[in-house]
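Chain residues, written in single-letter form:
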Amino acid sequence: RYELKDPKNGVYYFIHNNIGQLVMEGRHDSEFTYEGHINKQGNFYNSKTYRYRKNGDLETIHFMEDGRNLKTEHYDRKKRLSKIRYIDKKSESTTKIEIYDHGILDKTRVYTSFDNYYTVKGATNP
């Protein structure tokens, strides 16, 4: 947890935890307009949030755009990309998941509804 004291509008922040790991980066805006709706609560509307395993290795990077969840990248214990989950900004539902094998795209699950999807094989597995 952190608290910004007297945040500056339009400044790009890098926030680290007590052991020096980057936990968040993004631009702080005092107000933000999305689809005609003005939000006057200051926040990070476009940001990346980092999460780490107990051993200190990167586990996920979560992306927000326009104050909405956009995607989450997952990394395996060997620091390779293992999965990317894409999220619809309006409905917050999963639109697709790209699954990687040793850091190379293996297959993509494209969601048609909450728990229904079809699979598209990656270039490595035709």
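To be clear, the structure that these remarks concern was listed above.
Residues numbered from 1 in each chain as written. Predicted model: local features only at pLDDT ≥ 70, side-chain atom pairs only at ≥ 80, totals over all residues. Heavy atoms only, no water.

S.K.: Explain the overall build of the chain to me, please; I cannot follow it from the model alone.
M.R.: Counting its secondary structure elements, the chain contains zero helices and eleven strands. Its helices and strands taken in sequence order, the chain reads β-β-β-β-β-β-β-β-β-β-β from the N to the C terminus. For the C-alpha atoms alone, the extent of the chain along its principal axes is close to 55 × 40 × 20 Å. Buried positions account for 30% of the 126 residues belonging to the chain. Restricting the contact set of the chain to residue pairs at least 6 apart, pairs at least 24 apart contribute 12%. About 8,700 Å² of surface is accessible on the chain, with carbon and sulfur atoms providing 48% of the total. (Helix = DSSP H or I, 4+ residues; strand = E, 2+ residues; numbered from the N terminus. Buried < 20%, exposed > 50% of the residue type's maximum accessible area, 1.4 Å probe, protein only. Contact = heavy atoms within 4.5 Å. Areas by Shrake-Rupley, 256 points an atom, 1.4 Å probe, with all protein chains shown as cover.)

S.K.: Sorry if this is basic, but what is going on with the environment of Y100 here?
M.R.: As for its placement among the helices and strands, Y100 is situated in strand β9 (residues 94–101). Given the relative accessible area of 16%, Y100 is considered buried. Not counting the four nearest positions on each side in its chain, Y100 is found in contact with L81, S82, K83, I84, L105 and D106. Only 2.7 Å separates the side chain of Y100 from the side chain of E98, close enough to count as a polar contact. (Polar contact = N/O pair within 3.5 Å; in protein donor to acceptor, adjacent residues only side chain to side chain.)

S.K.: Sorry, what's going on with the pairing of strand β6 (residues 58–65) here?
M.R.: It is a general feature of regular strands that their side chains alternate between the two faces of the sheet. In this sheet, β6 lies alongside strand β5 (residues 43–52) in antiparallel orientation, the contact comprising six bridges. Within the sheet, the bridge partner assigned to T49 lies in β6 and is H62. Between the end of β5 and the start of β6, which pair antiparallel, lie five residues, with G56 showing a positive phi angle near 95°. Looking at chain direction, β6 and strand β7 (residues 68–75) are connected through six bridges and run antiparallel. Opposite F63, over in β7, you have K71 as the bridge partner. Where β6 folds back onto β7 in an antiparallel hairpin, the turn is made up of two residues, including D66, whose phi is positive at roughly 55°. (Pairing = 2+ DSSP bridges.)

S.K.: Where do I start with the pattern of salt bridges in this structure?
M.R.: As a working rule, side chains carrying opposite charge can pair if their charged atoms are close by. Applying the stated rule across the entire model yields nine salt bridges. Close ionic contact of E65 with K89 constitutes a salt bridge, the shortest N to O distance being 3.0 Å. With E65 in strand β6 and K89 in the loop between β8 (81–87) and β9, this pair connects stretches of sequence that are 24 residues apart. Residue K71 is joined to E73 by a salt bridge in which the shortest nitrogen-to-oxygen separation is 3.6 Å. When sorted by exposure, K71 lands in the same class as E73, which is buried. Connected via shared salt-bridge partners are E65, D66 and K89. (Salt bridge = Lys/Arg side-chain N within 4 Å of Asp/Glu carboxyl O.)

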